[in-house]
Amino acid sequence: MDTIETVVPFASPATRAGEPYATAPQRYDGLLLAGFGGPEGQDDVIPFLRNVTRGRGIPDERLEEVAHHYRHFGGVSPINAQNRALKAALEAELARRGIDLPVYWGNRNWAPYLDDAVREAADDGRPRLLAFATSAYSSFSSCRQYREDFARVLTETGLAGTVTIDKIRQFFDHPGFVDSFVPGVVEALAELRGAGGAAPRVLFTTHSIPIDDARRSGPSELGLGDGGAYEAQHRAVAEAVMQRVVERDARMADVEWELVYQSRSGPASQPWLEPDICDRIAELPGEDVETVAIVPIGFVSDHMEVMWDLDNEALEAAEEAGMRAIRTPTPGVDPTFVTGIVDLVEERMAAVPREQRVHATEYGPWFDVCRPACCENVRAGFRPAAAGIAP
Ligand SMILES: CC1=C(CCC(=O)O)c2cc3nc(cc4[nH]c(cc5[nH]c(cc1n2)c(C)c5CCC(=O)O)c(CCC(=O)O)c4C)C(CCC(=O)O)=C3C
Ligand SMILES: [Fe+2]
């Protein structure tokens, strides 16, 4: 059998050892902040969407239908500004702790591209990169696609074998992520409930994905069914957030929560995770629910899915249903989140043993290194991925 060196020479020796957790401390030369990317003007919109859908041959007319969300905001996605702010916040926190780790920011789908970030790190003589991707859960879109793009970029730049990229574990249940949602939910519930009102409903919301992708999310041996690790991780995070909310405000012990999905795309014939947030909102008045807190646990910042699909569509659905609704904040550059990311960087550099790692749910601490078929996408077929165990 081929070894990882001959098949996918993209990861550091620490990762190639074949263990799911880093076993020895590892020096890194730079932190690769890997984002999705978004357009920054009307002329960028269609080229950006062609990048997002590359290899799938989607005609421009169909892309123009998706484009209207971006067109509505002048062709500008807020996501790049949010990643610039995150980069600055990470640099400040790394400097505060005296960690010599320059941050290289690169996106999968728009400038600044991952290719340029990796070339820049190589030019600076900093070849051992540790990546933080701005996506917390396990699935093709939120984990593996980043790893495949790392491998593609190392090949296309000719830097495979020179630059290595390891990836920080999926961080859905790191306290830095989980805790950052709590104050917003506490505040929203207090506001919605007012003085002695009925219990509001909490809708934890995340990006829908095809059920085929959900089933394959995470290592198959966990046997998590149709929703896979993706759904299980979200349910666990929702529960952890609610537990912390009730610890802070005991009046909310009777509040019920649900997991809902948003931003579905793709052909109607393909099943995606449900229920859709707007469908649920329309049903709630019939179940005597009068107010709703919408908690975007699937997103690290207020990008287009939040600004359009929640602040526009979901809040409108609530208004039509005659319900009061509050959308709570995403982590953004909240210090709880930023210090949590740097804690994850330190955890990985020091190879902290699994038992000593902080985690807020029974599904954590998630693995440092993915298994061969982890989050594979059958539609896309096999592509090599960085930061994984040898096939
Ligand atoms: C799980 C998930 C996250 C992670 C959540 C997170 O951690 O952020 C995420 C993030 C993002 N997705 C984004 C944008 C898009 N996603 C698309 C398409 C798709 N996303 C999917 C899933 C996810 N996507 C899926 C299964 C598809 C269908 C493709 C297929 O069939 O395989 C399309 C194509 C058009 C369309 O199909 O609608 C666009 C334009 C942006 C940028 C927003 C901005 O600009 O602010 C961000 C951060
Ligand atoms: Fe997406």
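All values reported here derive from a predicted model rather than from experimental measurement.

Cut-offs and rules
- What you see as residue numbers is a count from 1 along each chain, following the sequence as written.
- Written order determines the labels here, with chains lettered from A and ligands numbered from 1.
- With pLDDT at 70 or above as the cut-off, local features in this predicted model cover only qualifying residues; side-chain atom pairs require 80 or more to be listed or tallied, and sums for whole chains, interfaces and linings still use all residues.
- Excluded from the side-chain calculation are hydrogens and water; included are all heavy atoms of the structure.
- Helix and strand definitions here come from DSSP, where helices need a minimum of 4 consecutive H or I residues and strands a minimum of 2 consecutive E residues; each element is numbered from the N-terminal end.
- Each residue is placed in one exposure class: buried if its accessible area under a 1.4 Å probe, protein chains only, is under 20% of its type's maximum, exposed if it is over 50%, and partly exposed if it falls in between.
- The pairing criterion for strands is at least two bridges between them, as found by DSSP.
- Lines fitted to C-alpha atoms define the axes here, with helix axes fitted over just the stretch in contact, and angles between the N-to-C directions of these axes take values from 0 to 180 degrees.
- Any two residues whose heavy atoms approach within 4.5 Å are treated as being in contact.
- UniProt positions are given in the numbering used here, feature names are shortened, and annotations may be inferred rather than shown by experiment.
- N or O atoms closer than or at 3.5 Å make up a polar contact, with two conditions inside protein: a donor-capable atom paired with an acceptor-capable one, and, for residues adjacent in sequence, both atoms drawn from side chains.
- When a carboxyl oxygen of Asp or Glu is within 4 Å of a side-chain nitrogen of Lys or Arg, the pair counts as a salt bridge.
- Near, as used in this document, describes a residue that has one of its heavy atoms within 4 Å of the molecule or strand being considered.
- Each domain's extent was defined by an automatic or database domain assignment.

Another aspect to go through is the environment of Leu-222. Here Leu-222 is to be found in the loop between helix 9 (211-215) and helix 10 (228-248). Its relative accessible area of 38% is what places Leu-222 among the partly exposed residues. Along the sequence, Leu-222 and Pro-183 sit 39 residues apart, while their C-alpha atoms lie 32 Å from each other.

Assignment of secondary structure puts Thr-134 in the loop between strand 3 (128-133) and helix 7 (140-156). Note: C-alpha distance between Thr-134 and Ala-325 (191 residues apart in sequence) is 27 Å.

The next thing to look at is the sheet that holds strand 1 (residues 30-35). One open sheet accounts for four strands, arranged 2-1-3-4; its pairing is parallel. In the strand order of this sheet, the two ends are held by strand 2 (103-107) and strand 4 (164-167), each with one partner. Ignoring which end each strand starts from, the neighbouring axes of this sheet average 30 degrees apart. Looking at chain direction, strand 1 and strand 3 are connected through five bridges and run parallel. Each bridged residue has a counterpart across the sheet, and for Ala-34 the counterpart in strand 3 is Ala-133. Those strands touched by helix 5 (residues 79-96) are strand 1 and strand 2, and its axis lies near 160 degrees from that of strand 2. Against the sheet, helix 13 (residues 335-349) makes contact with strand 1, strand 3 and strand 4, and its axis sits at roughly 145 degrees relative to strand 3, the strand it touches most.

Another point: the UniProt feature "binding site: Fe(2+)" (unreviewed entry) in the protein. Annotation from UniProt places "binding site: Fe(2+)" (unreviewed entry) at His-207 and Glu-305. Of the residues just listed, which span 99 residues, no C-alpha pair is farther apart than 8.1 Å, and they cluster in one region. Residue placement: His-207 occurs in strand 5 (residues 201-207). Contacts of His-207, omitting those with residues within four sequence positions, involve Tyr-230, Tyr-261, Gln-262, Ser-263, Phe-299 and Glu-305. Residues contacting Glu-305, with those up to four places away along its chain left out, are His-207, Gln-262, Ser-263, Phe-299 and Leu-310. Among the polar contacts listed, one links the side chain of Glu-305 to the side chain of His-303, at a separation of 3.0 Å.

Here we take up the pattern of salt bridges. Under the counting rule described, the total for this entry stands at 40 salt bridges. Here Asp-29 makes a salt bridge to Arg-27, at a shortest N to O gap of 3.8 Å. Since its relative accessible area comes to 6%, Asp-29 is described here as buried. Among the residues examined, Arg-27 registers a relative accessible area of 59% and is labelled exposed. For the salt bridge of Arg-96 with Glu-93, the shortest nitrogen-to-oxygen distance reads 2.8 Å. Note that Arg-96 and Glu-93 are positioned in helix 5 at a spacing of three residues, about one turn of the helix. On the accessibility criterion, Arg-96 (61% relative accessible area) is exposed.

Looking now at the site of ligand 1. What surrounds ligand 1 is a group of 22 residues, the closest being Tyr-70, Ser-77, Ser-135, Ser-265 and Met-304. Residue Arg-56 places a side-chain N or O atom 3.2 Å away from an oxygen atom belonging to ligand 1. The backbone of Met-304 places a nitrogen or oxygen atom 2.8 Å from an oxygen atom of ligand 1. Counting only elements with at least two residues in the shell around ligand 1, the list comes to helix 3 (45-52), helix 4 (60-72) and helix 12 (304-320). Composition of the shell around ligand 1 by domain shows at least three residues from each of domain 1 (4-171 + 334-356) and domain 2 (175-327).

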